[in-house]
Amino acid sequence: MDDATILIRFGIAFAGALTFGLARQRMGKPVGFGTFIFLALGSCALSLTAIQLSTENPLPLLNAIVTGVGFLGAGALFRTGDHVAGFTSAATIWVFAVFGLTVGVGEYLVSGILYASIVIVLIIDRWLDAHWIGAHNRRLSLEVSIGTSDETLISLGLPPMTDARSISVDQDAGTISLIYKIDKPASDQHVLLQKVVAHDQVRRSSIES
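The sections below set out a description of the structure shown in this document. Numbering of residues starts from 1 in each chain and follows the order in which that chain's sequence is written. The model is predicted, so local features are restricted to residues of pLDDT at least 70 and side-chain atom pairs to those at 80 or more, both for listing and for counting; the totals for chains, interfaces and linings are taken over all residues. Based on all heavy atoms of the structure, the side-chain values leave hydrogens and waters out of the count.

1. Observations regarding the layout of surface pockets
We apply this condition: Computed over the protein atoms alone on a 1 Å grid, cavities are sets of points where a 1.4 Å probe fits but cannot get out and pockets are open sets with protein on both sides within 12 Å along at least five of seven lines; a residue lines them when it has an atom within 4 Å of a point. Grid points are joined across faces, edges and corners, and a volume is the space filled by probe spheres set on the points. Under the scheme used here, helices are H or I runs from DSSP no shorter than 4 residues and strands are E runs no shorter than 2 residues, and both carry numbers assigned from the N terminus. Residues are grouped as follows: Ala, Val, Leu, Ile, Met, Phe, Trp, Tyr, Cys and Pro are nonpolar; Asp, Glu, Lys and Arg are charged; all remaining types, including Gly, are polar.
Estimated volume of the second largest pocket: approximately 170 Å³. If you go around the second largest pocket, the residues you meet are Phe20, Arg24, Thr88, Ala91, Thr92, Val95, Ile118, Val121, Leu122 and Asp125. Of all the secondary-structure elements, those providing two or more residues to the lining of the second largest pocket are α1 (3-26), α4 (87-104) and α5 (108-131). Looking at the lining of the second largest pocket residue by residue, the class counts come to six nonpolar, two polar and two charged.

The structure is reproduced here in C-alpha cells:
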C-alpha cells in the first residue's frame, strides 16, 4: 500500500471523527472530540496494519478491534438510582471504531454511508433533546422539608407526592427526597427551577437528563 493511500485514509478518519466529536462536545456530552478521534485513528491504524501483515486474512485483528472497543463503550454507561444513562455515548464509541475500521480497509462507500447515517441520527437526537421527547425527558430531584403538603408542590407546578417516581424519607435530616419525570419544554426548565429553589421548604433541587 502506497504512502498517499495511507495518508488519505488517516485524513478521512481524522476529519470525520473531529467533526462529529466537536458537535457532541458542544452538546455537553460526556465523551468529547478527543475520544472519537483516538478511536477512529486507532481503528484505522490497526486496520491498515492488519492488511499489511496479513493480506489474505486480516479478519482476526479486525474482529479484535470491534470486540475490544466494547469494553470502552461500557465505561461510558453510568447509573443513578434506577436511571441508566450513556447508552448513546457507548454506541457512538463502538460505531466510530467501525467507521475507522472501514476507512482503514478502504471501504469508502461503506464508511460514507455509515458516517451519513451517524450524522442523521445526531440531528434527530438533537431535535428530540430540544423538544424533550422520549428518552430525553428530564428528572427533577427535589429535597423538601418533612411536612411539605401536596398543595405546596402543586403551587410550584409539580404533581402531588403520590405521582413522584421515587420517594424517600430521612427522619434524621427531616427531609423527603422526591424524583419527578419532567416533560416541559427546555425553555421552561430555568423558570421551573427558579420557582422551586425560591421556596423556603425546598432544601435542594436539580434537573438531570
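2. A word on the pattern of salt bridges
Any two side chains of opposite charge can pair, so long as their charged atoms come close to each other. Selection rule: Note on definitions: salt bridges are taken to be side-chain nitrogens of Lys or Arg within 4 Å of carboxyl oxygens of Asp or Glu.
Taken as a whole and judged by the stated rule, the model has one salt bridge. One salt bridge connects Glu143 with Arg204, and the closest N-O pair in it is separated by 3.7 Å. Placement of the pair is Glu143 in strand β3 (residues 138-145) and Arg204 in strand β6 (residues 202-208), with a sequence separation of 61 residues.

3. A look at the pairing of strand β4 (residues 166-170)
Just so we agree on the cut-off: Here the rule is simple: two strands pair whenever DSSP picks up at least two bridges between them.
Here β4 pairs with strand β5 (residues 175-182) via five bridges, running antiparallel. Pairing of Val169 across the sheet is with Ile176, part of β5. The loop that links β4 with its antiparallel partner β5 comprises four residues; one of these, Gly174, has a positive phi angle of about 70°.

4. Here's the deal with the side chain of Thr148
Basically, it comes down to this: Think of a polar contact as two N or O atoms within 3.5 Å of one another; within protein, one of them needs to be a possible hydrogen donor and the other a possible acceptor, and neighboring residues in sequence only count if both atoms come from side chains. Throughout, a contact is declared for two residues whenever any of their heavy atoms are within 4.5 Å.
Within the secondary structure layout, Thr148 lies in the loop between β3 and α6 (150-155). In terms of polar contacts, Thr148 uses its side chain to reach the backbone carbonyl oxygen of Ser145, at 2.6 Å. Leaving out residues up to four positions away in the same chain, Thr148 has contacts with Leu153, Met161 and Gln201.

5. Re the nonpolar core
Counted only if it meets this: Buried Ala, Val, Leu, Ile, Met, Phe, Trp, Tyr and Cys residues form a nonpolar core when they are joined through side-chain atoms within 4.5 Å. With a 1.4 Å probe rolled over the protein chains alone, any residue whose accessible area is under 20% of its type maximum counts as buried; one over 50% counts as exposed, and the rest are partly exposed.
The biggest cluster of nonpolar side chains holds 18 residues, and the ones touching the most others in it are Ala17, Phe20, Ala40, Phe96, Phe99, Leu114 and Ile118. Of all elements in the fold, only α1, α2 (33-53), α4 and α5 reach the threshold of two or more residues within this core. Setting aside chain neighbours within four positions, we find Phe20 in contact with Phe36, Thr92, Phe96, Tyr115, Ile118 and Leu122. In this structure, Leu140, Val144, Leu158 and Tyr180 belong to the second largest nonpolar core, which totals 16 residues.

6. Describing a nonpolar patch on the surface
Spelled out, the test is: Residues enter patches when they are more than 30% accessible in relative terms and free of salt bridges; like-charged ones are connected within 9 Å and nonpolar ones (Val, Leu, Ile, Met, Phe, Trp, Tyr) within 5 Å. Residue exposure ignores everything except the shown protein chains as possible cover, and the areas themselves are Shrake-Rupley values with a 1.4 Å probe.
Together, Ile8, Ile12 and Tyr108 line one region of the surface with nonpolar side chains, adding up to about 260 Å² of accessible area. By the element assignment, Ile8 lies in helix α1. Taking the relative accessible area as the measure of exposure, Ile8 reaches 49% and is therefore partly exposed.

7. Re the sheet that holds β5
Strand pairing in a sheet relies on backbone hydrogen bonds, with the paired strands running either antiparallel or parallel. As a reminder of what qualifies: Axis geometry follows a simple rule: fit a line to the C-alpha atoms, using only the stretch in contact for helices, then measure angles between N-to-C directions, giving values from 0 to 180 degrees.
Across the sheet, which stays open at both edges, the four strands sit in the order β4-β5-β3-β6 with antiparallel pairing between neighbours. The open sheet terminates on both sides in strands that have one partner only, identified here as β4 and β6. Strand-to-strand twist of the sheet, defined as the mean angle between neighbouring strand axes without regard to direction, takes the value 15°.

8. Concerning the side chain of Thr102
Here Thr102 lies in helix α4. When neighbours within four sequence positions are excluded, Thr102 is seen to be in contact with Glu107, Val110 and Ser111.

9. Some details on the pairing of β3
Of all eight residues that make up β3, seven are buried, and the element is covered over most of its length. With eight bridges connecting them, β3 and β5 associate as antiparallel partners. Paired with Val144 across the two strands is Ile176, which belongs to β5. With six bridges joining them, β3 and β6 adopt antiparallel strand pairing. Along β6, the bridge assignment pairs Arg139 with Glu208.

The quantities given are spatial measurements derived from coordinates; they are silent on function.
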